[in-house]
Amino acid sequence: MANGASSYRRFLDGDDNGFAEIIDEYYDGLVLYLNEYVRNLGTAEELAEDTFVKLVTKKPKFSGKSSFKTFLYAVGRNVALDFLRREKNRRTVSIDNLTETLSDDKELEENFLHEERKIILHRSMQSMKTEYRQALWLAYFEDLSTPEIARIMKKSVSSVEHLIRRAKLTLKSEIEKEDLI
């Protein structure tokens, strides 16, 4: 399979198969990344779809200064932040939505974190500050480099390095509370 950048270029040149390859390659990871922002798997799936719709309708320019995955996740991050800004004014939660959120989280844990230790790791990460959680997620689950994470999070490379270092210490502390170490 071609990489995301060449698939995107082919899509921009009119080849719809290029776009299908992008979705096949990046959809699941993008959903899980966006779930870290919205903490609702259903909403994360909708935001991932919105991200792909944005690629089709707006056709943002991919400069090639980063990997295509970094570019796509940055577009997704912006879509999620726009969503969160809109939702900030809507603070009511129905019991149906709460039940859906809980079942989505449970489904995410069952599908993605198969072993008990990974589940505890996930819970420990959830109790961390959002930017710590995002930095660790991008570094270790998405396997992105520090410069790529810096681009996505709109921070300097040294700031991301310090953020990851502090996040690791916080995570270690959280895991120790679970008596795993």
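Along each chain, numbering runs from 1 in the same order as the chain's sequence is written. Thresholds applied to this predicted model are a pLDDT of at least 70 for local features of residues and 80 or more for the giving and counting of side-chain atom pairs; totals over whole chains, interfaces and linings are not thresholded and use all residues. Just so you know, side-chain values use all the structure's heavy atoms and leave hydrogens and water out.

**A short note on the confidence of the model for the protein chain**
Working step 1: For every residue, the predictor assigns a confidence score, pLDDT, that lies between 0 and 100. On average, residues of the protein chain score 83 in pLDDT, and 79% of them reach the 70 mark or higher.
Working step 2: The least confident element of the protein chain, judged by mean pLDDT, is helix α5 (residues 95-112) at 58; the most confident is helix α3 (residues 41-57) at 94. Secondary structure elements follow DSSP: runs of H or I of four or more residues count as helices, runs of E of two or more count as strands, with numbering from the N terminus.

**Side note on the nonpolar core**
Working step 1: Residues Tyr8, Tyr33, Leu34, Phe68, Leu72, Leu138 and Ile149 are the most contacted members of the largest nonpolar core, which totals 47 residues.
Working step 2: Breaking this core down by element, the ones donating at least two residues are α1 (4-12), α2 (16-38), α3, α4 (68-87), α7 (130-141), α8 (146-153) and α9 (157-177).
Working step 3: The element contributing the most residues to this core is α2, with 10 residues. Put simply, buried Ala, Val, Leu, Ile, Met, Phe, Trp, Tyr and Cys residues joined by side-chain atoms within 4.5 Å make one nonpolar core. Type-normalised accessible area, obtained with a 1.4 Å probe on protein chains alone, sets the label of each residue: buried when under 20%, exposed when over 50%, and partly exposed for intermediate values.

**Here's the deal with α1**
Working step 1: Among the residues of α1, those classed as buried are Gly4, Ala5, Ser7, Tyr8 and Phe11. Projection of α1 onto a plane perpendicular to its axis shows the buried side chains occupying an angular sector of 165°, all on one side.
Working step 2: For α1, the elements touching its buried residues are α2, α3 and α4.
Working step 3: Gly14 occupies a position one or two residues after α1 and carries a positive phi of about 110°. The arc in question is formed by the directions pointing from the helix axis toward the C-beta atoms. Every residue pair with non-hydrogen atoms within 4.5 Å of one another is taken to be in contact.

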